[in-house]
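Chain and residue survey
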Amino acid sequence: MGRGVIFWPKWIRSLWFSLLIMLCLFHGDKAEITCRSCHAGNKWRARKLLLKFDTSESATASKQDGFGHADGAAGFGTASVESERLRCADGSAECITGRMGGREPRLKRNNLGARDGIGNTEVTQTKVSQQKASDDAGFNSRYTKRVRRNSSDNKARQASSANSRSPEPDISSALGRRVARSELRWSPEERRAAGPVQEELKLNSSTFALTGDSTHNQAMVHWSGQNSSVILMLTKLFDFSLNSVTESSLWRSTDYGATYQKLNDKVGVKTILSYLYVSPNNKRKIMLLTDPEVESSLLISSDEGATYQKYRLNFYILSLLFHPEQEDWILAYSHDQKLYSSVEFGRRWQLVHERVAPNRFYWSKMGLDKEPGLIHLETSISEGQALYVTCKLHNCTDANKSKPFPGYIDPNSLVVQDEYVFVQVSTVGKPIYYVSAKRDVFTQMKLPKYTLPKGLHVISTDENRVVAAVQEWNQNETYNLYVSDTSGVSYTLALENVVSSMGPEGNVMVDLYEVAGIKGMFLANKKIDTQIKTHITYNRGRDWRILQAPSKDLRGSSVHCLLPYCSLHLHLHVSANQYTSGNIASRDSAPGIIVASGSIGSELTTSNISLFITSDAGNTWRQIFDEEYAVLYLNQGGALVAIRHTPLPIRHLWLSFDEGRQWNKYTFTNTPLFVDGVLGEPGEDTLIMTIFGHFSHRSEWQLVKMDFRSIFNKRCTEADYQTWLLHDQGESCLMGVKRIYRKLKTTSRCVMGKTYSVSMTSDPCDCTEADFECDYGYERHTSGKCSPAFWFHPSSMSRSCTTGMTFLNSTGYRKVVSNNCTAGVSIKYTARRQQCPIQAPKGLHLVTSEGTLTARTGTNVTFLVFLEEGDGTRTSITLDFGDGHALTYSNVSSIEDGIKHIYKSVGIYRVTATGENSLGSETAVLYLHVTCQLEYIHLSAPFVAVRNKEVNLTAVLWPSQVGTVTYIWWIGNNTEQPVITLEGSATCKFSQEGINTVTVQVSSGNTILQDRKTIAVHEYFRSYLLSFSSNLDDHNPDVAEWRFDVSQVIKNSLIQATGVREDQLLVTFLPGRPSTAEFFLVPDKQLNGGKPEKNSAHLDQLSEVLHNALNQNLVQFTLRPGVQVTVYVAHLSAAPLVDTSENHSGSAMLMLLSVAVLGLALFFIYKFKRKIPGLNVYAQMQNEKEQEVSPGNPTEATLSSQQGFVHSLELLDTEFNSRPIVWCL
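Residues numbered from 1 in each chain as written. Predicted model: local features only at pLDDT ≥ 70, side-chain atom pairs only at ≥ 80, totals over all residues. Heavy atoms only, no water.

1. Some words on the side chain of Ser244
In this fold, Ser244 is placed in strand β11 (residues 244–253). Note on Ser244: relative accessible area 9%, which makes it buried. Dropping the residues within four chain positions of it, Ser244 is found in contact with Leu237, Phe238, Asp239, Asp291 and Glu293. (Helix = DSSP H or I, 4+ residues; strand = E, 2+ residues; numbered from the N terminus. Buried < 20%, exposed > 50% of the residue type's maximum accessible area, 1.4 Å probe, protein only. Contact = heavy atoms within 4.5 Å.)

Dropping the structure here:
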C-alpha cells in the first residue's frame, strides 16, 4: 500500500496552529478546573522512614490521593494525609501490581499533555528502582519499585502482597520537558521520503459518552479480564476547596466497553462513592467505599458489580491490605491509627491493634511464617520508640504477641519484604540497620566499615539477595548501590554515585531501572564529575558499561558518536499510574524489547529528547521518534502502539509490527480527542484497548473502545517464531548460562493468543572470574582483582567459629547470587572450609542493649558482650558492674540475651568486661552514667544588686543528686551566647542600672528544666529584713507563686502605711520557714539630680519613716478572712548575695560597728583579766582540780601550774597588743 506525506504551505500550517491555540485559550477558564494539562501536578504525601526502604510494592495509601487538579491538590500538611489512598485494583492485570490490593487506578483529564506546552501533566516521569512486567497494554501497567527518603514514605513491602495492594504514584505532577508541536508526526520511513499521500488506516472503534459527568474530574476503572467482558468505571467530582468528593457516578459495561450502564440507582442515588477496590484473588468481588464526609459505608458485590449490598462502618478507612491467598481476608487501617481485620470481605470487622504505624502492617508469607493468619506490624510506644510485633489475626492480645526483635526500633522503620525483615535502631544519632532472613534472628547489616550511611533504601529482594541504595556521609545528590549475600547481612559495592532526585513531598527517587524479562539486567544513571551517563549491567551489578548510541538517526544519516566520549543516555523515570507512560518500558512477555526516551551525547540532557528502542536487550539501539510518545505493548509484545504526548486533541495513533522499525498511522476517532489515558485488557487476549478523554474541556468523558483484532491476519504458528541469543556485546555466557529466547518474527502479523508463553532454553557455562564478585571486606581494583580493604583483616573469623567445628575461609570472592555457572574456576574462587582453630579472644565489645551510655536508678540495664574473634564456647566472661558487684559466665554463648543489672545510686560507673581463655584475655570498658529524674529547679539570686559588684547565682536542684548535669546560663541582655558550666553556681557583674533577667537551664539526661529571676541593679540602696506574726507560717505553702503574690501584698501595705513611692520600694519574700521577707529602698535620681550624697540622705529619711511604721505595727494585711498578719522589722542587713561597701550600705556600716565593739570587748577582758574576780576563781578552781589528779609532789605541781597559767596570759597580752586588727567585710 502506497503511503506518503502531504506538504502544506507554511502559512496554512501556521494558520491552523494559531486557530488551535486560540481554541485552547478560549476554553482556558474551564481548563482551570478540569483540564489536567492546564495545572501543575497533584501532590502525594511522602511518608517518613528513618530506614529508607523501598520495594516492589508501594506502601499502603491514605485516604485522599491528591489525584485532582493542581489548584486543589492536597499539600504536604493536613490535607496531604489524605493523599495516599489506594490507586488501583491491584491484582488485575491492567493495574500496577502494588502493595494495596484492589483499589482501582485513577484517571484524570488530559494526562497525555505535553510536558511544557499548555501545562504540566499530572503524572510525572517517576524515577524507579525496579519494574516488573505485567502483560497489559496500559501506558504503565508495570510493577514498580521506588526509593523514598523522609519519607514517607513509601517503603519496602513484602512480595507476598504483590497482588494485594494497589500502587500509588510517587508524584502526580509531571516534569515538563518540551513544547509540544502542533503538526502530526509520521513514521520514520515517511519522514525520510517524500512520496504519495499516505492512505489513512482506520481502527475498528466505538465511542461512548458518560452523559451527565462533564464536571467530574477523576475516574477509577476496573477491567477484570480473565475472559470477562465487564468493565467498571467510577467517576467523581472532587472539590479541592472542600477536600472531598461531592458527586460520583458508577458505570458498568458488559461488552468490552462498547456501551455502559449507569448504576447510581443500584448503589443509592444520593450515595457518594469515593473508591473502588477489587479482590486480587477473585476479580468478581468488588468493594466500593462511600465518602466518609457523608456516610461511612461499604458496598460489596460478588458478581462483578451487577448487584451490591451496603454495610455500615464505625471507623474511617484510610487504607486496605488484601491477603495474598485468602480472597476474603482484609486488613483495614483507620484514621485513628487502629488496625481492623475482616475474614468476610468487609461484611464484619474486628479490632486487631491500636497505635499501629501507617503502612507498617503485613500479612504472613506462606512457607516462611508459621501460619497464614499471622500479622507483622509496628506499634508506636512513644515519640521516637516503636516495637515490632507479630500476632494472630483473631487473637492479638498482649499474651499472644511475639516480639521478634529484642528492644525498641525507630518509628516507621519496619519492612517485611519477601523472606527478609528490616528494622532500624538509632544510637546517638547514628542509624544501625538490622535484617532477619527467613524469619531467623536479627543480625546487624554489615556495610563497608567507613560507609557511614546517612540514608539507606532497599531496592530489591529478588532471587534471595538484597540490593540497597546507600547515601554515604560525603554524598548529597547521589547514592551508592550495594548488593548482599543470600543472608542479607554482608554488602559489597556494585555502583557508585547513582543519580537521585527529590520528589515534591521530599521523597527520594533513585535512577535505577530493572529490565523486565531479563534476569540480572539493570539500567542506572551514574554521575561522573558533573555529567550524568547511563550504564547497563547484565550480571546484577558485577560489571557496568555505557550504552552504544544508534549508528543512524531517523533520516538515515550517520551518527558520529564514539565511546567513551559520546554515548546514549536514557531517562529512567516510570509512571506509577498505568494510564500514563513514563520514559522507559519493558515487559516480561517481550524480553529484550526496551523503549525509552533519552538523548545522544556526552551526558544526559533534558532537551532534544527522542524515543529509542532496542530489541536485543540493550546491545544496539534505534531512534524511532524525535519527540516523546507513549508506547504500549500489544499482542504480548508482538506489536507496539504509540500515542503522542501533546496537550492538543488527536485522532491518530501509530502501530508497529516489526519492533519499531516501521510505523503505520491509524485513526481511532473521527473527532479529535484530548487524551486522558489508555487502558488495555489484562492479559491482552482480546486485543482490545480503551482510550479515555474529552472532546473539549467542558465535555463528558469519552470512552473509545479500540479492537485491534481486525488488523491481524491469523493465529501464530511455530513458523512465525524465531530464536535469539541473549548476549552482552558478543559475550553469551551471562549469569553463568547461555539463554536462548523465542520471539515473533518481524515479518509475521499474527495473534499470539492465550497459549503463548515466553519460552527460554539455557545451557550452563563454565565458571570464569566474571561470575564472581568481591566478598565483604574486599574491593575491586583497576586490575580487576579483589583485594582486602585497608580496614579489613582477612584472618578474622566469625565469633560463632567454635573449636572442633569448621568455617568458610573467604578467597576474597563470592559467586554472584543466582549465577548458575558450573566447574571452571569455581574451586579457585569459592570459599574453602577449614577447621576452627583455638585462638585468644580478640575484639571484645561491651554495649548496652539500648545503645546508650545512660541509665536510671532502679531500672534494669542490659549489657551485651560479644567477641569479634575467638572461640566463644571456650572463653569465659567476667562482667564488673563498677558498683561492687560482678558476675562470671563460662562462655560467651551463654549470655547472648544480655546481662541485666540494677543500679541503686546515682553516679558514673566503670563497667568492665573481661574475656579469657587458655591463650589470652581481652578487656572492654564502658562508662555508664546512672541518673535519676530531675524534678525541680530553683534559681537563687538577689532581688537587688549593686552596680559593678559581683553577684552570686545558685541553681538548687531537687533531688540534689541526679547525676551528670549541665547548666546553661543567660545573664542580663546577653541572650545569644549563654554560659555553660558543670557547676550549679555562677558569678556576674552588672555594669548598668536597671532590671536584668537571669535564666538558667539544667540538662540531665533527656530532661531539661529552667528557672528565671529578675535583678534590679542600682548604685546604692537600703534594705530591711522583715518578720511576721506567727500565724503566717500556718498558711505558707512555700511555693514560688505564693511568695510572689504575698510580696506584692506586703509592698502595697508598706506603701499605704508610709506613703513611699511605688518605684522606690522593692519587696521579695524569702523561701523557707519561719516566714521572712526583705524590702529594698532605691534612690529617686530625678528628685535629687542623681547626686550620691543627696540620694543617700533621702534614703536615710525614708528608712526612718519605714522603720517607725514597722515598729508601731502600722503595717498589716489580711491574708484571708480572719487571718490578719502584722509585719515587723527584724534588723538591718546587707542585701543577700551582694558585695556592698561602706560608702553604699548603711546596714554594712552597722555590721562593721558591731564587729568592732565585739573585738574591743574581748581585748578588755584579756587586758584586765586579773582584776576580774570571776576569772581568778575559775583559775583557782582549775588549779585545785589539777592538784587532785596530778602525781608527784603536790607543792611543785601547784607552783608550776600557777606560774605556767600566768605566763601564758601575759604572753597572750603581749601578742595581742603587738598585732594589728584587720576587719574582713
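There's more to say after this.
2. So, the pattern of salt bridges
For the structure shown, the criterion picks out 30 salt bridges. Between Lys338 and Glu354 there is a salt bridge, with its nearest N and O atoms 3.8 Å apart. Residue Lys338 is found in the loop between β18 (330–334) and β19 (339–342), and its partner Glu354 is found in the loop between β20 (350–353) and β21 (356–363); the two are separated by 16 residues along the sequence. According to the relative accessible area criterion, Lys338 is partly exposed, its value standing at 22%. Two residues, Lys1013 and Asp1011, come together in a salt bridge whose shortest N-O distance is 3.0 Å. Since its relative accessible area comes to 25%, Lys1013 is described here as partly exposed. Relative accessible area serves as the criterion here: at 16%, Asp1011 is assigned to the buried category. Residues participating in the shared-partner salt-bridge network are Arg465, Glu773, Asp775 and Arg814. (Salt bridge = Lys/Arg side-chain N within 4 Å of Asp/Glu carboxyl O.)

3. Considerations on the confidence of the model for the chain
Per-residue confidence for the chain gives a mean pLDDT of 75; residues scoring 70 or more make up 72%. Below a pLDDT of 50 lies the segment residues 1–102, which in the model reaches 473 contacts outside its immediate sequence neighbourhood of four places, other chains included. In this model, residues 1132–1150 is a region of pLDDT below 50 whose contacts with residues beyond four sequence positions or in other chains number 46 contacts. (pLDDT = per-residue confidence, 0-100.)

4. Re the sheet that holds strand β74 (residues 985–988)
Pairing in this open sheet of three strands is antiparallel, and the strands run β69-β71-β74 from one edge to the other. Only two strands of the sheet have a single neighbouring strand rather than two, namely β69 (936–940) and β74. Strand after strand, the sheet turns through a mean of 20° between neighbouring axes, direction not considered. Bridge count for strand β71 (residues 951–958) against β74 is four bridges, and the pairing is antiparallel. Across the sheet, the residue bridging to Leu953 is Ala986, located in β74. (Pairing = 2+ DSSP bridges. Axes fitted to C-alpha atoms, helices over the stretch in contact; angles between N-to-C directions.)

5. A short note on unusual backbone geometry
Most peptide bonds take the trans form, and the phi angle of most residues other than glycine is negative. That bond from Trp958 to Pro959 is cis: its omega, -5°, falls within 30 degrees of zero. Tracing the chain through its elements places Pro959 in the loop between β71 and β72 (966–971). Cis geometry marks the peptide bond from Arg1073 to Pro1074, where omega comes out at 0°. Along the chain, the position of Pro1074 falls in the loop between β78 (1065–1070) and β79 (1076–1081). Despite not being glycine, Asn359 has its phi angle at roughly 65°, a positive value. Checked against the element boundaries, Asn359 lands in strand β21. Overall, the relative accessible area of 3% leaves Asn359 in the buried class.

6. So, the sheet that holds strand β75 (residues 994–1004)
Strand order in the open sheet made by the five strands is β70-β76-β75-β72-β73, with mixed pairing throughout. Every other strand in the sheet has two partners, leaving β70 (944–946) and β73 (979–981) as the edge strands with one partner each. Sheet twist, expressed as the average angle between the axes of neighbouring strands with direction ignored, equals 30°. Inspection of the sheet shows β72 paired to β73 by three bridges, in the antiparallel sense. Of the residues in β73, the one forming a bridge with Ile968 is Ile980.

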